[in-house]
Amino acid sequence: MSKKIKIAMLTCALASVVAVSASLSACTIKTKHPGAKITVEFNSVSYEIDYTLYRNMYPQTVQHFIELADAGFYNNMIVHNYTASSDWFTGAYSYNADESLAYATASTNKTLAEYLEKNEKEKAYYDLASGDKLTPTVYDYGKLTYNSDGKAEVTSEGKLATLIGEFSSNNHVVEQNGLTAQLGALKMFYYSDDDDANKKAAIVNSFNQVLIHDYKYNRATSIFSMQMGSSTSYSESSYCVFATLKNDGAKEKLNDLLEAVSDYISDNGLSSTFTTSVTTTVDKLDVYSNGGLETKFTMTATPIIIKSVEITKY
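What you see is a predicted model; the values in this text were computed from it and never measured.

> Can you help me understand a nonpolar patch on the surface in this one?
A surface patch of nonpolar side chains, amounting to about 320 Å² of accessible area, comprises Tyr141, Tyr146 and Ile212. With respect to the element layout, Tyr141 can be found in the loop between strand E6 (138-140) and strand E7 (145-146). Under the relative-accessibility criterion, Tyr141 is labelled partly exposed at 41%.

Below, the structure written as structure tokens:
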């Protein structure tokens, strides 16, 4: 047998081994650009929208999103805070068809607040974090330890359930520019506390460095926004934009959804009653929030439901 033939056979054999290995462990292979499909339901019609995630730029945010999606955490949730031409926020409250998501009138404001209270998923999120289902990135500054060289180290006892902020205001730098807040972008979100300026936390970045940063930029949990307009108050400098629409087909699906909502409001004469402002308390389990933060949401009369978030490529 000639040397060339032997080399060819060896190459084929190796290729077969690699192929089998890849097929057996596909879910463990980490690519620069994972994929996700978010299925949104409105007025009994579903819209499947595909996204590209940017692990190469925002590795810990993407990992966090994937872990939550794989746990089924995002399935069957509502858009709990709605701005027609800016951002839709989800990731905190379940959809419950047996309870009222009533029309936006003063008489139902209390009902909507009670709905949020009954269907919040904050405890479920913290259970995942405490059960080692989510990769920790933020730690209690007061529980740092130091090695013999004086280098700070984190311990499992000090881990917090929140997520590191991978954006420029938190000194996260992306070479050759990062993503911008644009139509269709997905952004990890957090609520601001007026007292956060005096709070510090230890963060572990993607280089495994332990750094001391402001807690206010490292307090995201499960909530993310879908940007539904060309402009937004939540820019990439202070909120991590970690995903964009995959292609023109995804953009078309997103526009179909936006058009369906707009037509529904117009056809049913709901220009003044489609939304209502609801006051509730968020981050009640956050160790730095002293019982939670009062905030206002804009809720919709007809629920916008996140039926599922599926990771289509790892």
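That was the structure; now back to the text.
> Teacher, can you tell me more about the environment of Lys37 here?
Position of Lys37 relative to the elements: it lies in strand E1 (residues 35-42). Counting along the chain gives 274 residues from Lys37 to Ile311, while the straight-line C-alpha distance between them is 6.4 Å. Leave out the neighbours within four places in its chain, and Lys37 touches Glu48, Ile49, Asp50, Ser308, Val309, Glu310 and Thr312.

> Is there a simple way to explain the pattern of salt bridges in this structure?
Oppositely charged side chains can form a pair if their charged atoms are brought close together. A complete count under the given rule lists nine salt bridges for this structure. For Lys159, the salt bridge identified is with Asp132, shortest N-O distance 2.6 Å. In this pair, Lys159 is assigned in the loop between strand E8 (152-153) and strand E9 (186-188) and Asp132 in the loop between helix H4 (122-130) and E6, connecting sequence segments 27 residues apart. In this structure Lys159 comes out as partly exposed when scored by relative accessible area, which is 23%. Using a relative accessible area of 61% as the deciding quantity, one classes Asp132 as exposed. When the shortest N-O distance is used, the salt bridge between Asp283 and Arg219 registers 3.2 Å. With Asp283 in the loop between strand E14 (275-282) and strand E15 (293-300) and Arg219 in the loop between strand E11 (210-214) and strand E12 (224-227), this residue pair connects regions lying 64 residues apart in the sequence. For the pair shown, Asp283 and Arg219 are each scored as buried. Each of Glu117, Glu120 and Lys284 takes part in a single network of salt bridges with overlapping partners.

Rules behind the numbers
Residues numbered from 1 in each chain as written. Predicted model: local features only at pLDDT ≥ 70, side-chain atom pairs only at ≥ 80, totals over all residues. Heavy atoms only, no water. Patch = residues over 30% accessible without salt bridge, like charges linked within 9 Å, V, L, I, M, F, W, Y side chains within 5 Å. Areas by Shrake-Rupley, 256 points an atom, 1.4 Å probe, with all protein chains shown as cover. Salt bridge = Lys/Arg side-chain N within 4 Å of Asp/Glu carboxyl O. Helix = DSSP H or I, 4+ residues; strand = E, 2+ residues; numbered from the N terminus. Buried < 20%, exposed > 50% of the residue type's maximum accessible area, 1.4 Å probe, protein only. Contact = heavy atoms within 4.5 Å.

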